[in-house]
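Understanding the architecture of this molecule
Here are the chains, one letter per residue:
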Amino acid sequence: MSKQDALQGSLPLLVLKILDRRGPLHGYGITAQIEAISDLLRVEEGSLYPALHRLEESSWILAQWTTTENNRRARVYKLTPAGRKQLMDEERRWTSISAAIGQVLEEA
Amino acid sequence: MSWISRVANAFRPGRTAAGLDDELQFHIDQRADDLVRGGMPRRDAELLARRQLGNRLALRDSSYDVKSAARLDSFLRDFRFGLRMLAKHRTASLAAIVSLTLAIGASTAAFTLIDALIFRPLPLPAPSQLIDLARVVPAFLSPDNQPSESDSFSYPQYELLRRAASDRADLFAMRLSGGLQPALFDDAGAVSENLRAESISGRGFQILGVKPALGRLIQPTDDSAAAHPVAVLSDAFWRRRFGASPSAIERWVTVRRKQFRIVGIAAGPFAGVQPGYLTDLWLPLSAAEDPLNLAAPDLGGIAVWGRLHPGESPAKLREPLQAVTTNFLRDRFRINPPLSLHGDQLRQVSDAPLRIRDMSTGRDSLFRRQFRRPLAILALICALLLLVACSNVANLAIARASARAAEMALRMSLGAARSRLIQQMLIESVQLAAAACALGLLFAALVAPSIVVHLGPTELPAWLDVGPGSRTLLFAIALSLLTALLFGVVPALRASSVSPGEALKAGGTQNSGRIGSLRWMLAAQVGFSVAVLFLSGLLLLSFRKLIAVDLGFARDNVVLFDLAPRASLQSWRIDSGATLLEHLRHLPAVQAASLSQQRPMGGNLVWIATPIVRFPGRANETIRPVEAQVSAGFFSAMRIRWIAGRDFLPEETGCGRCNRTSASPSVIVNQAFIDKFMPGRNPIGQGFDKVGDDPDPVPQRIVGVVANARYNNLREPEGPTIYAPLADATTATLNIRTASRPASLVPWLRREIEAADPTLTVRGSILLASQIDNTMISERLLALLAGFFSVVALLLAGVGIYGVVNYATVRRTREIGIRIALGASRAAVVRLIVSGAAMPVVAGIALGMAAGLGLARYLAAQLFGVKPADFWSLAAPLACILIAAVAAVLQPALRAASSDPLIALRYE
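On a predicted model such as this, the values are computed, not experimentally measured, just so you know.

1. Here's the deal with the overall build of chain A
The helix and strand tally for chain A stands at four helices and three strands. Reading the helices (α) and strands (β) of chain A from amino to carboxyl end gives α-β-α-α-β-β-α. Considering chain A as a whole, with its 108 residues, one finds that 29% of them fall into the buried category. Across chain A, the fraction of contacts at a sequence separation of at least 24, relative to all contacts at a separation of at least 6, is 49%.

2. Some details on unusual backbone geometry
Residues and elements named next belong to chain B. Residue P269 is bonded to the preceding G268 through a cis peptide linkage, with omega at 0°. With respect to the helices and strands, the residue P269 is situated in the loop between β10 (258-266) and β11 (281-284). The phi torsion at A126 lies on the positive side, around 40°, for a residue other than glycine. Tracing the backbone shows A126 in the loop between α6 (90-119) and β1 (130-137). The backbone of R256 sits at a positive phi, close to 50°, despite the residue not being glycine. In this fold, R256 is placed in the loop between β9 (252-255) and β10.

3. Concerning the packing of helix α16 (residues 418-453) of chain B against helix α17 (residues 470-496) of chain B
All names here are of chain B. For the pair α16 and α17, interaxial distance at closest approach is 8 Å and the crossing angle is 145°. You can see that α16 and α17 cross each other, and the crossing is right-handed. Partitioning the contact of α16 with α17 into residue classes produces 19 nonpolar, six polar and one charged.

4. Quick notes on the confidence of the model for chain A
All names here are of chain A. Summarising the model, chain A shows a mean pLDDT of 79, and 85% of its residues fall at 70 or more. Looking over chain A, one finds the lowest element-wise mean pLDDT in helix α1 (residues 3-22), namely 72, and the highest in strand β1 (residues 25-26), namely 87. Within the model, the stretch residues 1-7 combines pLDDT values under 50 with four contacts to residues more than four positions away or in other chains.

5. Remarks on the packing of helix α26 (residues 777-811) of chain B against helix α28 (residues 826-855) of chain B
Residue and element names in this part refer to chain B. Contact geometry of α26 with α28 gives a least axis separation of 10 Å together with a crossing angle of 140°. Viewed along their axes, α26 and α28 adopt a mutual orientation that is oblique. Two packed elements cross with a definite hand, and for α26 against α28 that hand is right-handed. Touching I801, V804, V805, A808 and T809 of α26 are I833, G836, A837 and V841, all from α28.

6. Here we look at the confidence of the model for chain B
Residues and elements named next belong to chain B. The share of residues in chain B with pLDDT of 70 or more is 88%, and the mean pLDDT across the chain is 84. Looking over chain B, one finds the lowest element-wise mean pLDDT in helix α22 (residues 656-661), namely 46, and the highest in helix α8 (residues 204-208), namely 96. Ignoring residues within four places in sequence, the model shows residues 507-513, a span with pLDDT below 50, making ten contacts including any to other chains. Of the two predicted TM-score estimates for the complex, the pTM is 0.74 and the ipTM is 0.78.

7. Digging into the nonpolar core
Residues and elements named next belong to chain B. Ranked by internal contacts, the top residues of the largest apolar core, which has 180 residues, are L385 and V532. Residues contacting V532, with those up to four places away along its chain left out, are I381, L384, L385, V388, F789, S790 and A793. Residues V630, F635, L768 and I772 belong to the second largest nonpolar core, which totals 45 residues.

8. Describing helix α3 (residues 42-53) of chain B
All names here are of chain B. The end-to-end C-alpha separation of α3 is 17 Å, in line with the 16 Å expected for twelve residues at 1.5 Å each. Of the residues making up α3, those classed as buried are A45, A49 and L53. The buried residues of α3 all sit within an arc of 65° when viewed along its axis, so they share a single face. Along α3, exposed side chains directed more than 90 degrees from the buried face belong to R43, D44 and R51.

Basis of the calculations
Throughout this description, residue numbers start from 1 for each chain and increase along the sequence as written. Chain letters start at A and ligand numbers start at 1, both assigned in the order the entries are written. Totals for whole chains, interfaces and linings use all residues, but because this is a predicted model, local features are given only for residues with pLDDT of at least 70 and pairs of side-chain atoms are given and counted only at 80 or more. Comment: elements are numbered from the N terminus, with helices defined as DSSP H or I runs of at least four residues and strands as E runs of at least two. Counting other C-beta atoms within 10 Å of each residue's C-beta, where C-beta atoms are placed from the backbone, gives the exposure class: buried for 20 or more, exposed for 12 or fewer, partly exposed between. We call two residues in contact when the distance between their C-beta atoms, placed using the backbone, is within 7 Å. Axis geometry follows a simple rule: fit a line to the C-alpha atoms, using only the stretch in contact for helices, then measure angles between N-to-C directions, giving values from 0 to 180 degrees. Crossing handedness is defined as follows: a turn of the near helix away from the far one that is anticlockwise and smaller than a right angle gives a left-handed crossing, while the clockwise case is right-handed. Under the scheme applied, nonpolar residues are Ala, Val, Leu, Ile, Met, Phe, Trp, Tyr, Cys and Pro; charged residues are Asp, Glu, Lys and Arg; polar residues are all the others, including Gly. Confidence scores here are pLDDT values: one per residue, from the predictor, ranging 0 to 100. To sort the angles, those under 35 degrees are grouped as roughly parallel, those over 145 as roughly antiparallel, those from 65 to 115 as roughly perpendicular, and the leftovers as oblique. Nonpolar cores are identified as sets of buried Ala, Val, Leu, Ile, Met, Phe, Trp, Tyr and Cys residues joined via C-beta atoms within 7 Å. To estimate the expected span of a helix, subtract one from its residue number and multiply by 1.5 Å. This arc is taken over the directions from the axis of the helix to the C-beta atoms.

In structure tokens form, the structure reads like this:
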């Protein structure tokens, strides 16, 4: 499994988590945050925006055009209550799966 | 994002794309800024940022699919594709559209009629608040011995009711009219026209909520005998008679021997409170009615209408009004007891329940009563016809879908989801239905008015607002969508269930014998067609029976003239009638002439007297025969057979009041009367008591007996009938039997009549034969439509059977070729093809007959002399469908049998 593939499935989870922790952010901000936290994970920028729009479509995040401090128009995303619930579900699933995989790896 | 914005995005892809561009550009700029901050030259930084984001166009597309409703986009694409496919299979599409148009058009026309006549609320504000009052008439007072409702009150009683109701409802009075009366406009010379004129109390229009289109309406100040008499026209009449010219205002019209000045037009579409009738003219009640009549406490004829105050219920209103009615009638019975009622009957009448009736859809007109059942039958047949058309179109679609199996398979193997294919097929169905809906609406708009013309006799035309309206439109659209689902779902599921590999391999035409669902659809189609044929057949056979009824008199060469005194309110004077008859009988063209109080075969248009008859010594037995008042010579003019006794003497005719002075007036009875009440006795000279209009029993003496003859209509059995000498009446009908065809003699006879007796005027004339036809209007209309529907159903069944058999034959071309090459006889090939179609056709016929027999009970009351299980009722539709099936199977079967095995084997 390549690095990118691993990230593909978990990108929405990461986005939701980042938005939950850091509050409203624009797309580039989300990339920067993920990269800042983890040296290992690099967000494939091409897949970020479709993922964001899909999340938006599912009403888990909300988008709004705002103006940044240096007067640029930026599209800022923030978590919705439904998104927060989804995040909790995803997180639980992720931990249980990774725990299960870890167990197999250790005991096999 | 809401679905609205997604839909919006699908229609303006430009804007969304621009938004996405902005967002991505922002990302690139931010990344570049960061890189520059990290020490990279700006140029390189921008390049790198751009490269990192990847292919911007692809990115935009994948986001665009999410952002705009991808579904809607595919929908639009499917829509365009569907149109292309329909245009490609032009014949099949056309056949589908035609059959759907007929079915949807017929259903829509039927709905328009039913809605306009029965269900549509009156075009007035808050129609649900409108009510009228009715008293329950006890069974013993009703002619058919069933409790009925009467909405006839006296004016003084109305005044009491109005006052008692004033807290909860505004009541007003009307005199509604079921017939037409002559009116003379001041621009018409001396030619009067027959109009429906109704009187309304001063606040009536205000309470109903009618607005003037021009001028003003009747106001409370108009409603007094002292006020200047005014009149208001209905919008529809104003348009027809005056071409909507404002000059109609201030004209004068003479009605009921009184002149009224036209002051305004009531705005359309309000046309009166009895759907089916157009009220031409409204007059103020007190000005139009005889003040003596209005003051009479026991004289009925006033309808009491009203509008409930907001929040009030009929139940709360009923209580005080019931008390008023009961007290009023008890008082009246104490002062002026009706002699025909005794003891407990009086109490039953005075204490009869009062009903507050919902009048949101108006009062029942004759047409509504008469056509409620026929129109329901029409709706039933239309629904079946719709199912025929649906299964027919489904068949066509299945056959076409099989031909398109290769296309479906290709699309599926290229990754199209099954739901996409179903969507594609359903969209094509909806497109067909939409075309049929538009054409069906057009069809209905053309057909409905011409059916309205056939609802009433020419003398009393029906009037219905069947113009295009939102209700009709909504109905047609809903029906079309339902239709699209009905005929679209099966083919869509079938077509989309192809397995791509197999279908592609088989090349589409040879995919193995899966015509199972096609067979079932064919059975369904034949079944629905047979049900339509069966029900229509019943109506046609019943009509045939009706026109063949033995009348008991000779219908041809008789012309009827309605006579009325030319001047004033004077009663019909029979001595002048006698002179008239004498004069006419001497004309060479006239074989016989007589008078009757009403038109013979008046049907629903005349009121039939059913007096109470009691025989001496049988006091408990009350009998209600039909009574007809006729002059001497009636039976010879009508050619009714004599059985015993004598005709009336000239001096017995007429003068009902002088009759009473003689010991016992003469009466002639029919055979049914004798059979029922005095079998085996010599009736001549026998007597009985009659209680009619006059409350005192009058002893009668039988002087003659005649054979049974229909007097009022064809349907009712020839019951006991008594013929009394024509008494004083304000009007009468002259029956003239001519030596030759009377139609051309009518104008001349009319002049002769008016010349012979200048005190008379002829109000109308009709041939007896036409008058008889008028009593069968609903039956004739239904038979006509049933005939039309049978032809359509038969045609559709034929097309369906042909389509399926043809399709199956074409698919088996190779097989047949092999069989012929191996020595199968032509007959064997024909048998092969026919046996393939026989099963579904026979199953369909069985199902259709069963459904028809089940549904026939809804028709039972409309049928005359025909039972669903009769031989012809069953045989006629069977014969029709079998002939159609054979005709449809023959051509493909013969073609297959004569096919050249070499060509067939090479066929791909």
